[in-house]
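Report on the structure
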Amino acid sequence: MISSNQCSTSMLARALRRKRVLFLFALLAALVTVIGCLTIIKPKPKTVSFSGWVVRETGHPISEARVSVNKLTAMTQKDGHFKLAVPKAESYILGISHPNFADLFHTTRAGLNGQVWTLTGARVSEVDPRTSITLVDDRPELVSKQMEGAVLTLPPNALVDSQGNPPSGLVRAAIATLDLTKGEGPTDWGVRADDGRDGFLVSYGAVFIQFTDPTRTTPYQLRSGMSGQLSLPVLPSMQAHVNEAPQPPFWYFDDTDGYWHKADSLCQVKRSFLEIFL
């Protein structure tokens, strides 16, 4: 025999268990709803990817080209491909160099992947710095471009390294007249004046000139106080806009900041290579 008190107690226990189960289901449903509304935030990458191919003007790949991005380097493979991961930064200076070609630079604020970069061939020779030097860009491909080649003449003993020391032997010399209409040379035209103001260049012609030791480890520049003669033909598309013998200032590209800087003479170009824009 079950008393009314016992019955009431049993019913109350079942009711409490039912409420507890309902409460657990309600809590579980609430958790699922909250989790479903959460946005998963992935951590920002600490590196930026750069990849692509380096080719010559004919489209053939260039192997063993040195590719640098903000001082980190990689070498291209047999198919001309390269890949680099560099620390994230506000801007990146991509540089590509090879002993038989003119250097190429590009400034960007984001990673670049899948691009094809074309290097311009250079006229390379070994010269004796103790005698007068004449560099003539007589590459056959200039004929098809309907361009004349640049000519640079220097007096004897005109070259020194960054410490003012003359070369101890033969010097490797490279010269390449650049076709700006084809995108040759550095692809950025930003300039920085002495007062810090920024602007852009309008160029009538350009040439890449480089002096190094035979292993390309020591760059050379003009000795202070020395002078030479540079003959740089104006681009055919710009000839109607200049005088017969223009005398504009020299500009050189600084691969450390990605800007062109004005130089009164070649002696003031202190980078590891000379690249002069009219």
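The structure this text deals with has already been given above.
Residues numbered from 1 in each chain as written. Predicted model: local features only at pLDDT ≥ 70, side-chain atom pairs only at ≥ 80, totals over all residues. Heavy atoms only, no water.

Re the sheet that holds strand E4 (residues 81-87)
For clarity, the cut-off: We treat two strands as partners when DSSP finds at least two bridges between them. Only DSSP runs of H or I reaching four residues or more are called helices, and only runs of E reaching two or more are called strands; each is numbered from the N terminus. For helices, the fitted axis covers only the stretch in contact; all axes are lines through C-alpha atoms, and the angles between them, taken along N-to-C directions, range from 0 to 180 degrees.
Strands sit in the order E4-E1-E7 across an open sheet of 3 strands; the sheet is mixed. Strand pairing shows two members of the sheet lacking a second neighbour, E4 and strand E7 (113-118), which therefore form its edges. Each neighbouring strand pair of the sheet contributes to a mean axis angle of 30°, computed without reference to strand direction. Here 7 bridges tie strand E1 (residues 47-55) to E4, and the two strands are oriented antiparallel to one another. In the strand pairing of E4, Trp53 is matched with His81.

Side note on the environment of Leu178
Looking at the secondary structure, you find Leu178 in strand E12 (residues 171-178). Expressed as a C-alpha distance, the spacing of Leu178 and Thr120, which sit 58 residues apart in the sequence, is 7.6 Å.

Comments concerning the sheet that holds strand E5 (residues 92-98)
On the basis of which strands lie adjacent, the open sheet formed by 4 strands has the order E3-E2-E5-E6 and antiparallel pairing. The sheet is open, and its two edges are formed by strand E3 (72-75) and strand E6 (101-108), each paired on a single side. Neighbour-to-neighbour, the strand axes of the sheet open up by a mean angle of 15°, direction not taken into account. Examined bridge by bridge, E5 and E6 share 6 bridges and lie antiparallel to one another. Opposite Gly95, over in E6, you have Phe105 as the bridge partner.

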